[in-house]
Amino acid sequence: MTEYKGWAWSTAAVATAALTVEFIGLPVIGWLASWTVAETAAPDSIEGGESPALFGFVLPFFSVFAVAAALIGAVMLILPTASLARWAGSRFGAGEAWWWVLPAALVLPAGVVMAIGVWAWLVGDTVSALWVYLFWWLALTALIIPAALLARLAARRAEAGRPVRLVKKVLGGGCLGTVAFATVLVAAAIVLGA
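Residues numbered from 1 in each chain as written. Predicted model: local features only at pLDDT ≥ 70, side-chain atom pairs only at ≥ 80, totals over all residues. Heavy atoms only, no water.

**Observations concerning the overall build of the protein**
As a reminder of what qualifies: Secondary structure follows DSSP: runs of H or I at least 4 residues long count as helices, runs of E at least 2 residues long count as strands, and numbering of each begins at the N terminus. Think of it in three bands: residues with accessible area under 20% of the maximum for their type are buried, residues over 50% are exposed, and the middle band is partly exposed, with areas taken using a 1.4 Å probe on protein chains only. Residue contacts are counted whenever heavy atoms from the two residues lie within 4.5 Å of one another. Note on areas: these come from Shrake-Rupley sampling with a 1.4 Å probe, and a residue is covered only by the protein chains present in the view.
Broken down by element type, the protein carries 5 helices and 0 strands. Across the 194 residues of the protein, 29% fall into the buried class. A fraction of 78% describes how many contacts in the protein between residues 6 or more apart in sequence connect residues 24 or more apart. Carbon together with sulfur atoms contributes 75% to the accessible area of the protein, which is approximately 11,900 Å² in total.

**Overview of the layout of surface pockets**
The following threshold applies: Using protein atoms alone on a 1 Å grid, points that fit a 1.4 Å probe yet trap it form a cavity, whereas open point sets bounded by protein on both sides within 12 Å along at least five of seven lines form a pocket; residues with an atom within 4 Å of a point count as lining. Grid points are joined across faces, edges and corners, and a volume is the space filled by probe spheres set on the points. Residue type decides the class: Asp, Glu, Lys and Arg count as charged, Ala, Val, Leu, Ile, Met, Phe, Trp, Tyr, Cys and Pro as nonpolar, and the leftover types, Gly among them, as polar.
Of the volumes computed, that of the largest pocket is approximately 280 Å³. Forming the walls of the largest pocket are 15 residues, and the residues nearest its centre are Val-28, Leu-59, Cys-175, Thr-178 and Val-179. Only α1 (9-41), α2 (52-92) and α5 (166-193) provide two or more residues apiece to the lining of the largest pocket. Looking at the lining of the largest pocket, the element that brings in the most residues is α5, giving 7 residues. Grouping the constituent residues of the lining of the largest pocket by class yields 11 nonpolar, 4 polar and no charged.

**Thoughts on the side chain of Thr-11**
Checked against the element boundaries, Thr-11 lands in helix α1. Thr-11 has contacts with Leu-79, Ala-151, Ala-154 and Ala-155, leaving out every residue within four places of it along the chain.

**As for the environment of Gly-177**
Along the chain, the position of Gly-177 falls in helix α5. Counting along the chain gives 156 residues from Gly-177 to Val-21, while the straight-line C-alpha distance between them is 9.7 Å.

**Overview of the nonpolar core**
Here is the rule: Definition used in this section: a nonpolar core is a set of buried Ala, Val, Leu, Ile, Met, Phe, Trp, Tyr and Cys residues joined via side-chain atoms within 4.5 Å.
One finds Leu-19, Ile-78 and Ile-144 to be the most contacted residues of the largest nonpolar core, which totals 24 residues. Counting only elements with at least two residues in this core, the list comes to α1, α2, α3 (101-124) and α4 (130-159). Those residues in contact with Ile-78 that lie beyond four places of it in its chain are Ala-15, Leu-19, Gly-73, Ile-144, Ala-147, Ala-148 and Ala-151. Formed by 6 residues, the second largest nonpolar core is a distinct cluster that contains Ile-24, Leu-32, Ala-182 and Leu-185.

**Things to note about the pattern of salt bridges**
Should the charged atoms of two oppositely charged side chains come close, the side chains can pair. Stated formally: The working definition used for a salt bridge is a side-chain nitrogen of Lys or Arg within 4 Å of a carboxyl oxygen of Asp or Glu.
Tallied over the entire structure, the rule returns 1 salt bridge. In this structure, Glu-159 engages Arg-86 in a salt bridge whose closest nitrogen and oxygen atoms are separated by 3.1 Å. In this pair, Glu-159 is assigned in helix α4 and Arg-86 in helix α2, connecting sequence segments 73 residues apart.

**Side note on the environment of Gly-56**
With respect to the secondary-structure elements, Gly-56 resides in helix α2. Put simply, Gly-56 and Val-28 are 28 residues apart on the chain and 9.5 Å apart in space, counted from C-alpha to C-alpha.

**Points about the packing of aromatic side chains**
Put simply, the rule reads: Side-chain rings of Phe, Tyr and Trp, where Trp is taken by its six-membered ring, are said to pair if the distance between their centres is within 6.5 Å; with planes under 30 degrees apart they count as stacked, over 60 as edge-to-face, and otherwise as tilted.
Counted under the stated rule, the structure contains 4 aromatic pairs. Summarising the aromatic geometry, the rings of Trp-99 and Trp-100 are spaced 4.7 Å apart at their centres and angled 25 degrees between planes, so their arrangement reads as stacked. What links up through ring pairs into an aromatic cluster is the set Trp-87, Phe-92, Trp-99 and Trp-100.

Written as structure tokens, this is what we have:
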């Protein structure tokens, strides 16, 4: 087992890239999916949603905010999750096993959601239904796991002295996957609407 020397900039960059792909890809796919459903329900309707081309104009402006939010999320969620996974692996055995990221990704969002729920209760004297907290816990967990696994991979490569060239692969692959899925959605809308 190698000695832990801290996080490299490449680890934070990979975590930020992974969250950026998630923050940009999920709204694009969600918006196109809702457009596809509306288009197949009433293909000749003049009323309704906008063209998918409109999202192409909004996306560059949205991307700036997505990158800033991804950087904050990487520092506040992803790197602590990977650190917790590293600590748990060294403390409870199995060392650098990748699967320690999964339990760590379950614990950290639970603490975040619980802290926000307690804060809302103390400040606003309101408590949401249990399913709301469960939804946000599962959503944060699903958001954290891929980025934390990639951050862990980047950290291991940096510690081994190998070059970390994951940022381009993550951004390129994520964008390509989003475009491919969006193309399938638009094609399905055209075929089903015809």
